[in-house]
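# Structural characterization, general
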Amino acid sequence: MAEHLTKEDLKELQAELENLKVVGRPEMAERIRTAREFGDLSENAEYDIAKEEQAKMEARIMEIELKLRDAVIYEKTRSDKIVIGSNVKLSDLTNGGEVVYELVGSHQANPFENKISIESPVGRQLLGRKKGDIVMIKVKSGERSYKVLKIG
């Protein structure tokens, strides 16, 4: 599945990948070489730890390369419809009160910052909606109703 990224996300991932390849790999090779010098590899904890960290680093490199290969880059735009990158102010018709969400790709999702993924149940239901729309969303605790108050 394609990863939805902002230009900033793209730059951040490219920088991390570059660092892992240019700095991380040589440092890891040196750690493994040094650990080998400690003797018998079957009882060499330093060597085992270095090899495990190397495997994690290589997995991260592969993960980033895959994300970058399949990435869909988006720019925040103003629209009368809710799109990825929109800041949405909703009135909670079920429990009262208001909430503001930013719709983002899964890479940026962070519920503590009210950044919700467009792939989440709430995000999927909000995409394409307009100001004034009533949205029914099924969540773990049941069904909730929201009214779209503002799209930014």
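These notes cover the structure that comes with them. (Residues numbered from 1 in each chain as written. Predicted model: local features only at pLDDT ≥ 70, side-chain atom pairs only at ≥ 80, totals over all residues. Heavy atoms only, no water.)

### Remarks on the overall build of the chain
Helix and strand counts for the chain stand at three helices and seven strands. Taken from the N to the C terminus, the helices and strands of the chain come in the order β-α-α-β-β-β-β-α-β-β. Here the C-alpha radius of gyration of the chain, 22 Å, is well above what a compact globule of 152 residues would show, namely 15 Å. Taking the principal axes of the C-alpha coordinates as reference, the chain spans close to 70 × 30 × 25 Å. Burial statistics for the chain: of 152 residues in total, 32% are counted as buried. Taking the intrachain contacts of the chain between residues at least 6 apart in sequence as the baseline, contacts between residues at least 24 apart amount to 52%. Here the chain has roughly 9,600 Å² of accessible surface; of this, 51% comes from carbon and sulfur atoms. Side-chain charges of the chain comprise 26 positive and 28 negative groups, with the mean position of each set lying 10 Å from the other. (Helix = DSSP H or I, 4+ residues; strand = E, 2+ residues; numbered from the N terminus. Rg over C-alpha atoms; globule rule 2.2 N^0.38 Å. Buried < 20%, exposed > 50% of the residue type's maximum accessible area, 1.4 Å probe, protein only. Contact = heavy atoms within 4.5 Å. Areas by Shrake-Rupley, 256 points an atom, 1.4 Å probe, with all protein chains shown as cover. Lys, Arg positive; Asp, Glu negative; His and termini not counted. Charge placed at Lys NZ, Arg CZ, Asp CG, Glu CD.)

### Some thoughts on a nonpolar patch on the surface
On the surface, a cluster of nonpolar side chains totalling about 270 Å² of accessible area is made up of Leu-93, Ile-134 and Met-136. Note that Ile-134 resides in strand E6 (residues 134–139). Accessibility expressed as a relative area gives 44% for Ile-134, which makes it partly exposed. (Patch = residues over 30% accessible without salt bridge, like charges linked within 9 Å, V, L, I, M, F, W, Y side chains within 5 Å. Salt bridge = Lys/Arg side-chain N within 4 Å of Asp/Glu carboxyl O.)

### Thoughts on the pairing of strand E4 (residues 98–104)
With five of seven residues buried, E4 is to be regarded as a mostly interior element. Both strand E3 (residues 87–92) and E4 contribute to a ladder of five bridges, which runs antiparallel. Paired with Asn-87 across the bridge in E4 is Glu-102. Where E3 folds back on E4, the antiparallel hairpin that results is connected by five residues, among which Gly-96 adopts a positive phi of roughly 85°. (Pairing = 2+ DSSP bridges.)

### Focus on the pattern of salt bridges
Counting across every chain of the model gives 14 salt bridges. Between Glu-65 and Lys-21 there is a salt bridge, and its shortest N-O distance comes to 2.7 Å. Within this pair, whereas Glu-65 is found in helix H2 (residues 45–70), its partner Lys-21 is found in helix H1 (residues 7–36), the two being separated by 44 residues in sequence. Since its relative accessible area comes to 34%, Lys-21 is described here as partly exposed. A salt bridge links Asp-92 to Arg-144, with the shortest nitrogen-to-oxygen separation between them at 2.3 Å.

Honestly, that's just the spatial picture; any functional story needs more than this.
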